[in-house]
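Secondary and tertiary structure notes
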Amino acid sequence: MSKPAHLVIVKHGELRNAYYRIKEHDRETFHFEKYVLEFYQELAEHCPVTVVSVNSTPHDEVIAPGLRSIGVDLRKQWKVEMKKLVGRLTDLSPSHMLVRNPLPQVIRFAINNNIRTLPFLADSFEKTAWRERIKYYRLARLLNSSKLEYVANHCVPACHSLSNIGVKTHKIVPWDFPPFPPVSDYIPKQLAQNSQKRLFFAGSIVEAKGILECIEAVGLLNQQGLDVALTIAGKGRAQERCKQLAESLNLSHRVDFLGQVKHDEVIQFMRSHDAVFVPTRWEYSESGPMTLRETLLARTPIIASDHPIIRAQLQDGKNCLMFEAGNPKQIAQKVQSLLTDPVLYQRLSKNSEATLQRLNHPVRITEVISRWFHNTPADQEWLSSCTLDKFPAASR
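Just so you know, these numbers come straight off a predicted model, no measurement behind them.

Overview of the nonpolar core
Ranked by internal contacts, the top residues of the largest apolar core, which has 59 residues, are Tyr40, Leu67 and Val368. Non-local contacts of leucine 67, meaning those with residues more than four positions away in its chain, are made with Leu15, Tyr40, Gln41, Ala44, Val49, Val51, Glu61 and Val62. Membership of the second largest hydrophobic core comes to 36 residues, among which are Val10, Val72, Val99 and Leu148.

Structure below.
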């Protein structure tokens, strides 16, 4: 006799805070946060659902009917706390598991205990150093286990990076969020005639996101006589360092830190600025940045790094201007090219619509999880039809 169904979801970020923030203030901090939360509640109508949030404030609370939130903090003593986490998962006795991040210890626990498990990721896997190569080799061996039917990952380019480290393509299911509203809600932009040009960044303020190089580029542009200011939306551990860098370059009056803003306000900020940075360094595990799609929706030209996932989605001179990741001089050159060429500016803005439509992938993460969970013959056939070997890399 099989044990009663109990779905355990292991993920980064804190579910409890998001639940109460959206319930009380209807405030999302990233696109589709409410969409994901409502889906968890739908799953809880079929069986008890426990969401274990890692790197979170410790807590254990039932936040909605059938939906339990547990927080564990792995940040200070990783090995000790990971061992506790695995013990907690044993106590929870799940019948099914969803693993939102590539956590080998958690995936191995599920495999060793014959728990039906779906890793559903939003990560890229670039083999830039020997340490990463060894780590990804071990991860691929784990994900290729016969006990894992599928591995879901956000967006086709990131799925190809998963295949490149050795995960079998017939196991990889690319997924996406629902499509954004039509770009036609906004008309193409023309280069504004205002004397000061305004640049925008939205996202986690961490060094690997490339924000420090953007501040340096603003300094270089002003030294060259181009009046440029930068607005930064978001929060993160590198925020103080960014402020110190701006002050050291005498840019405190030109770099504005907004803190965390609502995601629907982010698009309006993008629309009102002259260009948007997507400057991710190669070491950041990017899958399909929402910032990129939000900027395309706003039809504001993009200044983007050559991160492999971004490079697979955009083309320099067609729908963005692209620079070598981590290179502030190149960033400054690209910004100057954009802000002094009205024809180029209008072309990039006009091409946003076709680019955004092309980036949309038809397979929704909610359907992937639902069909995997219910696992009828029709569900199995559908999942088999959605694997990476059916979706070659798209043109840019």
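Here's the deal with helix H12 (residues 328-339)
It helps to recall that an α-helix has 3.6 residues per turn; residues three or four apart then point in one direction. Over its twelve residues, H12 runs 16 Å from end to end, which matches the ideal 16 Å to within 8%, given 1.5 Å per residue. Where H12 is concerned, the buried positions are Pro328, Ile331, Ala332, Val335, Leu338 and Leu339. The buried side chains of H12 occupy one side of the element, clustering within an arc of 130° when seen end-on. Lining the buried residues of H12 we find strand S9 (197-202), helix H7 (211-223), strand S12 (275-278), strand S13 (302-305), strand S14 (321-323) and helix H13 (342-350). For H12, the side-chain oxygen to backbone nitrogen distance between the N-cap and lysine 329 is 3.1 Å, and the N-cap itself is asparagine 327.

Looking at H7
The terminal C-alpha atoms of H7, which comprises 13 residues, lie 19 Å apart, in line with the 18 Å expected from a rise of 1.5 Å per residue. Most of H7 sits out of view: ten of its 13 residues are buried. Of the residues making up H7, those classed as buried are Ile211, Leu212, Glu213, Cys214, Ile215, Ala217, Val218, Gly219, Leu221 and Asn222. On its buried face, H7 sits against S9, strand S10 (228-233), helix H8 (239-248), S12 and H12. A positive phi of about 95° marks glycine 225, the residue just after H7.

Quick look at the packing of H7 against H8
Running from N to C, H7 and H8 cross one another at 15°; their axes reach a closest spacing of 10 Å. Judged by the inter-axis angle, H7 sits roughly parallel to H8. Viewed along their axes, H7 and H8 form a crossing whose handedness is right-handed. Touching Ile211, Leu212, Ile215 and Glu216 of H7 are Arg241, Cys242, Leu245 and Ala246, all from H8. For the contact of H7 with H8, the per-class residue count stands at six nonpolar, no polar and two charged.

Some words on the state of the cysteines
Following the criterion strictly, the structure yields zero disulfides and no others. The thiol sulfur of cysteine 214 is not disulfide-bonded, and the nearest other cysteine sulfur, from cysteine 242, lies at 9.2 Å. Accessibility expressed as a relative area gives 0% for cysteine 214, which makes it buried. You can see cysteine 386 has no disulfide; the closest cysteine sulfur is in cysteine 159, sitting 11 Å from it. A relative accessible area of 5% means that cysteine 386 is categorised as buried.

Here we look at the pairing of strand S2 (residues 49-54)
Among the six residues of S2, six are classified as buried, and the element is accordingly described as predominantly covered. With six bridges connecting them, S2 and strand S4 (residues 67-72) associate as parallel partners. Within the sheet, the bridge partner assigned to valine 52 lies in S4 and is isoleucine 70.

A few points about the environment of asparagine 55
Summarising the element assignment, asparagine 55 is placed in the loop between S2 and strand S3 (59-64). Taking the C-alpha atoms as reference, asparagine 55 lies 20 Å from aspartate 91; in sequence the two are 36 residues apart. If we skip the residues at most four places from it in the chain, asparagine 55 touches His12, Val72, Asp73, Leu74 and Arg75. Of the polar contacts made by the side chain of asparagine 55, one reaches the backbone nitrogen of leucine 74; its length is 3.5 Å.

Digging into the environment of lysine 197
Of note, lysine 197 is situated in strand S9. Each C-alpha atom, one on lysine 197 and one on phenylalanine 32, is 31 Å from the other, the two residues being 165 residues apart in sequence. In this structure, lysine 197 is in contact with Leu191, Ala192, Asp227, Val228, Ala229, Asp274 and Leu339, ignoring residues within four places of it in sequence. Polar contacts involving the side chain of lysine 197 include one to the main-chain carbonyl oxygen of alanine 192, which spans 2.5 Å.

Quick notes on the side chain of threonine 366
Within the secondary structure, threonine 366 sits in helix H15 (residues 365-374). Classification of threonine 366 as buried rests on a relative accessible area of 18%. A polar contact is formed between the side chain of threonine 366 and the side chain of tyrosine 35, at a distance of 2.9 Å. The residues contacting threonine 366, other than those within four sequence positions of it, are Tyr35 and Phe39.

Remarks on the packing of aromatic side chains
For the structure on display, the rule yields seven aromatic pairs. When the ring of phenylalanine 32 is compared with that of tyrosine 35, the centres are 5.9 Å apart and the planes differ by 65°; the resulting orientation is edge-to-face. Ring centres 5.8 Å apart and planes at 10° place the aromatic pair phenylalanine 200 and phenylalanine 269 in the stacked group. Of this pair, phenylalanine 200 sits in strand S9 while phenylalanine 269 sits in helix H9 (residues 263-272); the two residues are 69 residues apart in sequence, bridging distant segments of the chain. In this structure phenylalanine 200 comes out as buried when scored by relative accessible area, which is 0%. A relative accessible area of 26% means that phenylalanine 269 is categorised as partly exposed. One Lys or Arg, arginine 133, reaches over the ring of tryptophan 130 and ends 5.0 Å from the middle of that ring. Directly above the ring of phenylalanine 257 sits lysine 243, whose terminal nitrogen or CZ lies 5.6 Å from the centroid.

Rules used in this analysis
Residues numbered from 1 in each chain as written. Predicted model: local features only at pLDDT ≥ 70, side-chain atom pairs only at ≥ 80, totals over all residues. Heavy atoms only, no water. Core = buried A, V, L, I, M, F, W, Y, C linked by side-chain atoms within 4.5 Å. Buried < 20%, exposed > 50% of the residue type's maximum accessible area, 1.4 Å probe, protein only. Contact = heavy atoms within 4.5 Å. Helix = DSSP H or I, 4+ residues; strand = E, 2+ residues; numbered from the N terminus. Expected span 1.5 Å × (residues − 1). Arc of directions from axis to C-beta. Polar contact = N/O pair within 3.5 Å; in protein donor to acceptor, adjacent residues only side chain to side chain. Axes fitted to C-alpha atoms, helices over the stretch in contact; angles between N-to-C directions. Parallel < 35°, antiparallel > 145°, perpendicular 65-115°, else oblique. Left-handed = near helix turned anticlockwise from the far one by under 90°. Nonpolar A, V, L, I, M, F, W, Y, C, P; charged D, E, K, R; others polar. Disulfide = S-S within 2.5 Å. Pairing = 2+ DSSP bridges. Phe/Tyr/Trp six-rings, centres within 6.5 Å; stacked < 30°, edge-to-face > 60°. Lys NZ or Arg CZ within 6 Å of the ring centre and 35° of its normal.

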